[in-house]
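Letter by letter, the chains look like this.
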Amino acid sequence: FPAPPASNFAKEDVKESWILGNGSLVSWISKDPGESAAWSERRQEMGIGEWIALKGIDTVEHLENSDGLWEENKINIPKGSGSTGKMTNWASLQPEGDITSVQGREDGMELGTVTRKTVEDAAMGLEPRTEGLRRNLPAAIIIGVRKGGTRALLEMLNLHPGVAVADNEVHFFDDDHNFARGLNWYREQMPMSHPKQITVEKTPAYFTSSIAPERIYRMDPGMRLLLIVRDPTERLISDYTQVFHNRVAQGKATAPFEDVAIRESRVNLEYRAVHRSLYDEHLKRWLTFFPRSHLHVVDGEQLVHNPPAEVAAAEQFLGLPSHVGPDSFYFNTSRGFFCLRNTTHERCLSESKGRPHPPVRWDVLQLLRDFFREHNHRFFRMVGQTFDWA
Ligand SMILES: Nc1ncnc2c1ncn2[C@@H]1O[C@H](COP(=O)(O)OS(=O)(=O)O)[C@@H](OP(=O)(O)O)[C@H]1O
């Protein structure tokens, strides 16, 4: 990485640095008026960086938007000594003045969005911004689908040393009550993580929420989204099975699958579990906010039968060096699933995963498959991928 042009700026002074989505690196010495600031850019390839603006912020206008989720700094950098003038950045509010997400624009030129806080800091020879463990907002979220294998995917990613996962479903973006608790509350739900780890949470209810895509986008437009899908008919039966077991445990009445899924010989659209299987309808909302490149679709059936391959693809999407491999799994014949292994532990998912499904009448299965077919094809076109359940 080339040295900056002659100035009082030294690499050791960098307090924060961020890799932008376009591969640029932005480094700050200070955001305070009157103090030095540095803005740097590098191209995708390492080592051909070019410092384009340096030191001498003279004004910082600080704005906060009405819901308190974002702050905006308008920064004037005097022209000269390598600087190119005005810069605006947006940052999500964080305790201790930390910045989680930055979008940069300089003289009207969009420079990109921070997508991750990466191990590349180290590769760049920069000191880590913070030392020790702390809670960080997620860099990636498993958004669904419910009963798709979201827990398995989260636990499998957690075998990677570069990943820290939130144990519980957080329900921040789909639940107004939680959302009103603010971003600091959300961050508190995250695990402690090392600066070089990325945090991942999973809440399958996000996928079907009408408001979650926009809220996530506003928190971090560079967010990486993981969506794990399975045959919508299988998913529906799995959803029914879970609710059935919960109701039995609570001593509540239950009805056969056929009675809730079918009304007057047609698929019952009022049954919420049917609606949750309309992947195209839900994905539409996400793609109005996020580009396709920010979404990685995991094949839930493949995750059951060949977990290393699916996890490897997810690692790649997350920019993680490959780590989880065949040695990370063993097949448990009594469970009928792969279980997880690291250097010290072997572990299967809880008994609530992989419960036997009730037998479903053939004509009902046929009705459901016919009903989902068109939606499935639309979903395949949207993601540019096909699955076995056409
Ligand atoms: N390795 C492994 N072990 C156990 N279970 C596995 C595994 N991989 C995927 N699955 C499938 O995960 C399904 C449950 O999906 P979710 O975790 O998304 O369910 S939930 O929405 O969080 O309730 C669950 O669905 P059901 O079989 O219908 O219970 C499993 O099929």
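The structure under discussion appears in the preceding block.
Residues numbered from 1 in each chain as written. Predicted model: local features only at pLDDT ≥ 70, side-chain atom pairs only at ≥ 80, totals over all residues. Heavy atoms only, no water.

Chemist: Kindly report on the site of the ligand, identifying the contributing residues and their values.
Modeler: Residues in close proximity to the ligand total 23 residues, the closest being Lys 147, Thr 150, Lys 202, Ser 238 and His 357. Between an oxygen atom of the ligand and a side-chain N or O atom of Ser 238, the distance comes to 2.6 Å. Summarising the interface, the protein chains cover 94% of the accessible area of the ligand, which totals 650 Å² for the free molecule. Structurally, the ligand is housed in the largest pocket. Put simply, the parts of the chain that give the shell around the ligand at least two residues each are helix H2 (150–157), helix H7 (232–249) and strand E20 (337–341). With four residues, H2 is the single largest residue contributor to the shell around the ligand. Across the shell around the ligand, the residue classes tally to eight nonpolar, seven polar and eight charged. (Near = heavy atom within 4 Å. Polar contact = N/O pair within 3.5 Å; in protein donor to acceptor, adjacent residues only side chain to side chain. Areas by Shrake-Rupley, 256 points an atom, 1.4 Å probe, with all protein chains shown as cover. 1 Å grid on protein atoms, 1.4 Å probe; cavity = no way out; pocket = protein on both sides within 12 Å on 5 of 7 lines; lining within 4 Å. Sits in = over half its atoms within 2 Å of the grid points. Helix = DSSP H or I, 4+ residues; strand = E, 2+ residues; numbered from the N terminus. Nonpolar A, V, L, I, M, F, W, Y, C, P; charged D, E, K, R; others polar.)

Chemist: Could you give me a rundown of the pairing of strand E19 (residues 329–332), with the residues and numbers involved?
Modeler: Relative to E20, E19 is paired through four bridges, and the arrangement is antiparallel. Within E20, the residue paired with Phe 329 across the bridge is Leu 340. Between E19 and E20, which pair antiparallel in sequence order, lie four residues; one of them, Gly 336, sits at a positive phi of approximately 75°. (Pairing = 2+ DSSP bridges.)

Chemist: I'd like a rundown of the sheet that holds E20, residues and numbers included.
Modeler: Here we have three strands laid out as an open sheet, ordered E19-E20-E21, and antiparallel in their pairing. The sheet is open, and its two borders are formed by E19 and strand E21 (346–347), each paired with just one other strand. When E20 meets E21, the two strands line up antiparallel, connected through two bridges. Note on E21: the bridge partner recorded for Leu 340 is Arg 347.

Chemist: Quick rundown of the state of the cysteines? Include the residues and the values.
Modeler: With the rule as written, the count across this model stands at one disulfide. Across the disulfide from Cys 339 sits Cys 348; the S-S distance is 2.1 Å. Given an S-S torsion of about 95°, the disulfide between Cys 339 and Cys 348 has right-handed geometry. By relative accessible area, Cys 339 is classed as buried at 1%. (Disulfide = S-S within 2.5 Å. Buried < 20%, exposed > 50% of the residue type's maximum accessible area, 1.4 Å probe, protein only.)

Chemist: Any details on the packing of helix H10 (residues 279–289) against helix H13 (residues 362–383)? Residues and values, ideally.
Modeler: Running from N to C, H10 and H13 point in directions that differ by 30°, and their axes come no closer than 8 Å. The angle between H10 and H13 places the two elements in the roughly parallel class. Two secondary-structure elements touch here, H10 through Tyr 279, Asp 280, Glu 281, Leu 283, Lys 284 and Leu 287 and H13 through His 375, Arg 378, Phe 379, Met 382 and Val 383. Residue composition of the contact of H10 with H13, by class: six nonpolar, one polar and four charged. (Axes fitted to C-alpha atoms, helices over the stretch in contact; angles between N-to-C directions. Parallel < 35°, antiparallel > 145°, perpendicular 65-115°, else oblique. Contact = heavy atoms within 4.5 Å.)

Chemist: Break down the pairing of strand E15 (residues 224–229) for me, citing the residues and quoting the values.
Modeler: Across the six residues of E15, six count as buried, placing the element largely inside the fold. Here E15 shows two buried faces, one formed by Arg 224, Leu 226 and Ile 228 and the other by Leu 225, Leu 227 and Val 229. Pairing analysis gives four bridges linking strand E11 (residues 140–144) to E15, with the strands arranged parallel. Residue pairing in the sheet places Ile 141 in a bridge with Leu 225 of E15. Sheet topology note: the E15/strand E18 (residues 295–299) ladder contains five bridges and is parallel. From the neighbouring strand, Leu 225 faces E18, where its bridge partner is Leu 295.

Chemist: Pulling in residues and values, what's your account of unusual backbone geometry?
Modeler: For residues besides glycine, phi is generally negative; the peptide bonds are generally trans as well. With an omega of 0°, the peptide bond running from Gly 144 to Val 145 counts as cis. Structurally, Val 145 is set in the loop between E11 and H2. The backbone of His 171 sits at a positive phi, close to 50°, despite the residue not being glycine. Structurally, the position occupied by His 171 is in the loop between strand E12 (163–165) and helix H3 (176–179). Backbone geometry places Ser 265, a non-glycine residue, at a positive phi of 65°. Its place among the elements puts Ser 265 in the loop between strand E16 (262–263) and strand E17 (266–267). On the basis of relative accessibility, which here comes to 60%, the residue Ser 265 falls in the exposed class.

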